[in-house]
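# Geometric and topological summary
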Amino acid sequence: DCKSLKRVDIPDSVTKINKGAFYECDSLTEAIIPDSVISIGNDTFSGCTSLQKVHIPNIQKSIVQNMFYNCTGLSEINLPDTLTEISNSAFYNCDALTELQLPAQLQKIGANAFYDCDALTKVTMPGTVISLGDHAFYHCDTLAEVSLGSGLTSLPDYVFAQCPALTKIVLPYRMTKLNDNAFNACVGLVEVTMPKSLASIGSQTFSYPGKMTIYGIGGTYAETYAKENGITFVNREVNAQSAALNLTELRLGKGHSRQLFLTASPEEFTDEVSWKSGDTGIATVAGDGTVKAVACGTTIIKVNVGNASASCNVTVYQPVTSIRLSKSSAELAAGDTLELTATVNPKDATNKEYRWSSSDSAVASVSESGLVTALAKGEATITATAADGSGVTASCTVNVTTQLVKVTDVRDLQSPHPYENNCSDSWFYTLPGAAGLSVVFDEKTEMEGGFDYIHLYGKNNKLVGTYTGKGLAGKMVYVAGDTVRIKLETDQGGNAYGFAVKSVTEASGMQTPESEKIDTQGTEKPGVLNSETSSSQASNTENAGTSNPGTSGSQVQDSENPGTPDTQKPAQKPVKKPSVSKVKSFQIKPGKKKLAMSWKKISGAAGYQLQVSTKKNFIGAKTISISKSKKTYTKNGLKAKRKYYVRIRAYKTYKDAKGRSQKAYGKWATGNKKTK
C-alpha cells in the first residue's frame, strides 16, 4: 500500500525497477531515479495523479509503455539525451505537460504516447525521429505548434486528430504518405506545406478543406490533391538558408551502416537535396543519408540543399566480428574461481580491447582480467563485450551450486550438526591484515571417514589440506594470509557431526605447511589425512610429538585410542557403496491443478525420493519419500496452467564401516510439464 507515499528518492544501489512498482500511488508528488537504474518495467508510475516532478536516469534509452499513464499532474520531467524511444501510452492523459523539446537521438514515438495531453502547446522533433504511432498526439486541445523531424516519411492514422489549436503544419522534405484521419477534426488547421515527395493522402485526413490552403510546387501531387478536394493551392518555392546534420563526426565499423539526418532552415524549403561521398571506396551514401562503410580510412560525407550545405567526417575502422571465450559454461562451488580468457577476431581489428561484466555480481563476480569468483548459489552470465562499439559479445553461463557463508564471528564458523548430504558449501572468515592464522577446531569435529571431507584453503585460495574422519578434532592448523576458507565435500548418504572452529588468531612467523599425500586405508581420496590410519602408517608418529594435521611428514593418530601402534585400532576394511541405477521410463501426465508421475521400478531399490518445484534448480523444494512398491505418484494442489519441474531418484540401503545404516542414491531423472 503506497497511498501515503509522497516522495521517493531511489538509492544508487538499485539497478532495476519492476513493472508497476509505484502503480496508483496517488499521493506521490516527486520521484528521483538515479543513473544506476538500467531497467524500468512498464506502468511504473501509472495512475500517480499527484505526481508533479520526475528525474529520469541520464542513461535511459526508453520511456516504457504506460510509464506515466494518467499522471495528470506531471509538469516537470527531464528527457535524457540517450533517449531513443517513447513507448505506447507513455504520457497518456498527462494534462500538465506544456512544452516538449524532444532529445536529439529520439527515433520512435509510440501509439497514444501523448494522447489527450490537454496543456501541451508545442512539440519540436529532431530529424532522427523516423516513426510515429497512431493517435500519438490525439486530442491535445491546446497544441498549436508542431515541428516534424526530417526523418519522417509518413504520418499514421489519427496522429494529430482532434487538435483544434493547430493552425499550420509543414510536412518534411521526404514525406511520401499521409494516412487516414491524420489531421481529422483539426478545426483550426488552415495552412499545410507539402513537399514534392508526397504521393498519397488517405481519406478524412483533413476535415475542413474549404478553409485550407496548400503550399507546394506546381505540377506535383500536392496541387493535384488540392484541386480534387476543393482546397486552395499556392505555388511557393523557398530556398534553404542553412543546413545541418545530426552528426559532424562518425566512426563506423567496416560493413556497417548508419543514417545521417538533415535539418534545413526554413523548414518549408523546396530546394533539391543531394548527398555525396569524398571517397566511395571508403564510404558510400544513399539518397536518404544512409552511410555504408566500405573500407578502412577516412572521408567526408556532404549534403547540398540548394546553396546551403553540411558535412560529416567519417572514419571507417575494422570492427571486432567475434569473441570466443575459453568456456561457454561452468559449474562452480561457492568460493571457487575460474580464469576466463577471450580470443578476439579478426586479428586485424582496430581495437581488440574488451570489457568483462556479470549479470548478477552477487552470484558470481568477474575482475578486469576475467577472473570469475563464485559467491552464492544461483546462475550468472559472464560477458565479454568488445570495446570498439561493434556490440559484439561472448558469454559464459556460470552455475554456482553451493552457498558461501561469510562469517564475522568465529562462533558462527561451523557447519550444521550433523552436516547435510550432497553438500559443497564453504565458510569464510577474515582477520584483516594478518600474515597468517592459527585455526583451532573443536574436539567434536568429525566427518564420515573415507567418504566425506573438509578442504582447508588459505592465501590466494591455495589448498592447505584435505581431512576426513576425526583428523581435525581438537587440532590447530596454520593458514597463510588473513582469510581461511573451509569447504565441505559430502556424498549422498551417511554423515557425522561436521566441523566447528573454537578460535582463529593471528600467527606470525610460521611457515605454511604442505599437505602430506597419504593413501590412507579406509579412504579412496589421495592427499587426505584420516584419523583411522593403518598401524604401519601410524607407527611413524611415535616420536613426532604434537603436530599440525596438515604438516608435511606428520600423520594423525586415532583420536579415540591414541598411543603406540600396538594400542591403535586395526585398519577397517573399506566399504563399497551399492550402485543405484537412474530411474527409467519416467513420465509426467498433466491434469487440472495436478501432475501424475509414473516410472519403471529399480531392482533392489529401498525407496524413491521425488521433488516438484516451480524453480528449475529445485531450491527450497520439499522431498517426497515414496515406498519401493510404488511406481506411480500424483501431486495434487498445484496451481493451474503453471509450469512445474519434477525429478525422481531411487536409493538403496547399506551398512558403513562402523555398522551404521546409510543410503546410496542414484542420479535424478527429470522432466517438466504445465498443469491444466
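Below: a short report on this structure. Keep in mind the model is a prediction, meaning the values are calculated, not measured.

The subject of this paragraph is the overall build of the chain. Across its full length, the chain holds two helices and 55 strands. A total of 676 residues make up the chain; the buried ones form 48% of that total. Contacts in the chain between residues at least 24 apart in sequence constitute 50% of all its contacts with a sequence separation of at least 6. Entry remark: accessible area of the chain is about 31,900 Å², with carbon and sulfur atoms responsible for 45%.

Across all of its chains, the model carries twelve salt bridges by this definition. The partner of Glu145 in a salt bridge is Lys122, and the shortest N-O contact between them spans 3.9 Å. Here the residue Glu145 occupies a position in strand β13 (residues 145-147), and Lys122 occupies one in strand β11 (residues 122-124), the gap between them amounting to 23 residues. By relative accessible area, which is 45% here, Glu145 ends up partly exposed.

Taken as a whole, the largest pocket encloses approximately 1,200 Å³ of empty space. Along its surface, the largest pocket is lined by 35 residues, and Lys377, Thr401, Asn422, Asn617 and Arg647 are the ones closest to its centre. Counting residues per element, the ones that place at least two in the lining of the largest pocket are β37 (378-386), β38 (393-400), β50 (607-613) and β53 (643-655). Approximately 390 Å³ is the volume found for the second largest pocket. Looking at the second largest pocket, it is lined by 23 residues, and the ones nearest its centre are Met125, Gly127, Ser150, Leu262 and Thr263. A total of four residues in the lining of the second largest pocket trace back to one element, the largest contributor, which is strand β24 (residues 262-265). Its residues assigned to classes, the lining of the second largest pocket comprises 14 nonpolar, eight polar and one charged.

With respect to the secondary-structure elements, Thr44 resides in the loop between β4 (39-40) and β5 (53-55). We classify Thr44 as buried; its relative accessible area is 0%. One polar contact links the side chain of Thr44 to the main-chain carbonyl oxygen of Gly41, over a distance of 2.6 Å. Those residues in contact with Thr44, other than ones at most four positions away along the chain, are Ile17, Gly20, Ala21, Phe22, Tyr23, Val64, Asn66 and Met67.

Right, let's get into the state of the cysteines. Per the stated rule, a full pass over the model turns up one disulfide. Here Cys2 is linked by a disulfide to Cys25, with a sulfur-sulfur distance of 1.9 Å. Judged by the sign of its S-S torsion, about -100°, the cystine formed by Cys2 and Cys25 is left-handed. Of this pair, Cys2 sits in the segment before β1 (7-9) while Cys25 sits in the loop between β2 (16-17) and β3 (30-32), and the two are 23 residues apart along the sequence. Classification of Cys25 by relative accessible area gives buried; the value is 0%. Cys117 forms no disulfide, and the closest cysteine sulfur to it belongs to Cys140, at a distance of 5.1 Å.

Strand order across the open sheet formed by four strands is β22-β29-β28-β25, with mixed pairing between neighbours. Each having just a single partner strand, β22 (249-253) and β25 (273-277) make up the two edges of the open sheet. With direction set aside, neighbouring strand axes in the sheet form an average angle of 25°. Bridge analysis of β25 against strand β28 (residues 297-305) gives five bridges, and the strand direction is antiparallel. Within β28, the residue paired with Trp275 across the bridge is Val303.

To continue, consider the nonpolar core. Ranked by size, the top nonpolar core spans 73 residues in total, and within it Phe45, Phe68, Phe91, Met125 and Phe137 carry the most contacts. Sorting elements by how many residues they give to this core places helix α1 (residues 221-228) first, with three residues. If sequence neighbours within four positions are ignored, Phe68 has contacts with Phe45, Leu51, Val54, Ile56, Ile63, Leu74, Ile77, Ala90, Phe91, Tyr92 and Cys94. One finds Ala330, Leu338, Ala349 and Cys396 within the second-largest nonpolar core, a separate group that totals 27 residues.

For the rest of this paragraph, the subject is the environment of Lys589. Structurally, the position occupied by Lys589 is in strand β48 (residues 584-591). Leaving out residues up to four positions away in the same chain, Lys589 has contacts with Lys594, Leu595 and Ala596.

With that settled, the discussion passes to the packing of aromatic side chains. Under the definition given, this model contains 20 aromatic pairs. Taking the centre distance of 5.2 Å and the plane angle of 5° together, the rings of Phe22 and Phe45 count as stacked. Residue Phe22 is found in the loop between β2 and β3, and its partner Phe45 is found in the loop between β4 and β5; the two are separated by 23 residues along the sequence. Judged by centre distance (5.7 Å) and plane angle (5°), the ring pair of Phe183 and Phe206 falls under stacked. Highlighted residues: Phe183 in the loop between β16 (177-178) and β17 (191-193) and Phe206 in the loop between β18 (200-201) and β19 (213-216), separated in sequence by 23 residues. One aromatic cluster is present, formed by Phe22, Phe45, Phe68, Phe91, Phe114, Phe137, Phe160, Phe183, Phe206, Tyr221 and Tyr225 through successive ring pairs.

The next thing to look at is the sheet that holds strand β49 (residues 594-600). Spatial strand order, β48-β49-β52: three strands in an open sheet with antiparallel pairing. Each end of this open sheet is capped by a strand with a single partner; those strands are β48 and β52 (632-635). Pairwise comparison of adjacent strand axes, ignoring direction, gives a mean angle of 15° for this sheet. By the bridge criterion, six bridges tie β48 to β49 in an arrangement that is antiparallel. Bridge pairing in β49 links Pro590 to Leu595.

Note on placement: Thr490 falls in the loop between β45 (483-489) and β46 (501-506). Side-chain polar atoms of Thr490 contact the backbone oxygen of Glu420, separated by 2.9 Å. Among the polar contacts listed, one links the side chain of Thr490 to the backbone nitrogen of Cys423, at a separation of 2.8 Å. Setting aside anything within four residues of it in sequence, one finds Thr490 in contact with Tyr419, Glu420, Asn421, Asn422, Cys423, Met447 and Asp452.

The next point concerns unusual backbone geometry. Each neighbour pair has its own omega, and for Ser265 with Pro266 the value is -5°, a cis peptide bond. Looking at where Pro266 falls in the secondary structure, it is placed in the loop between β24 and β25. Cis geometry is adopted by the peptide bond preceding Pro346, which originates at Asn345 and carries an omega value of 0°. Here Pro346 lies in the loop between β33 (342-345) and β34 (354-358). Positioned with a positive phi, Asn66 is a non-glycine residue whose angle comes to about 60°. Inspection of the secondary structure puts Asn66 in the loop between β6 (62-63) and β7 (76-77). Located in the positive-phi region is Ala185, a residue other than glycine, with phi close to 60°. Considering the arrangement of structural elements, one finds Ala185 in the loop between β16 and β17.

The rules behind these values
- Residues numbered from 1 in each chain as written.
- Predicted model: local features only at pLDDT ≥ 70, side-chain atom pairs only at ≥ 80, totals over all residues.
- Heavy atoms only, no water.
- Helix = DSSP H or I, 4+ residues; strand = E, 2+ residues; numbered from the N terminus.
- Buried < 20%, exposed > 50% of the residue type's maximum accessible area, 1.4 Å probe, protein only.
- Contact = heavy atoms within 4.5 Å.
- Areas by Shrake-Rupley, 256 points an atom, 1.4 Å probe, with all protein chains shown as cover.
- Salt bridge = Lys/Arg side-chain N within 4 Å of Asp/Glu carboxyl O.
- 1 Å grid on protein atoms, 1.4 Å probe; cavity = no way out; pocket = protein on both sides within 12 Å on 5 of 7 lines; lining within 4 Å.
- Points joined across faces, edges and corners; volume = space filled by probe spheres on them.
- Nonpolar A, V, L, I, M, F, W, Y, C, P; charged D, E, K, R; others polar.
- Polar contact = N/O pair within 3.5 Å; in protein donor to acceptor, adjacent residues only side chain to side chain.
- Disulfide = S-S within 2.5 Å.
- Pairing = 2+ DSSP bridges.
- Axes fitted to C-alpha atoms, helices over the stretch in contact; angles between N-to-C directions.
- Core = buried A, V, L, I, M, F, W, Y, C linked by side-chain atoms within 4.5 Å.
- Phe/Tyr/Trp six-rings, centres within 6.5 Å; stacked < 30°, edge-to-face > 60°.

Any link to function would need more than the numbers given here.
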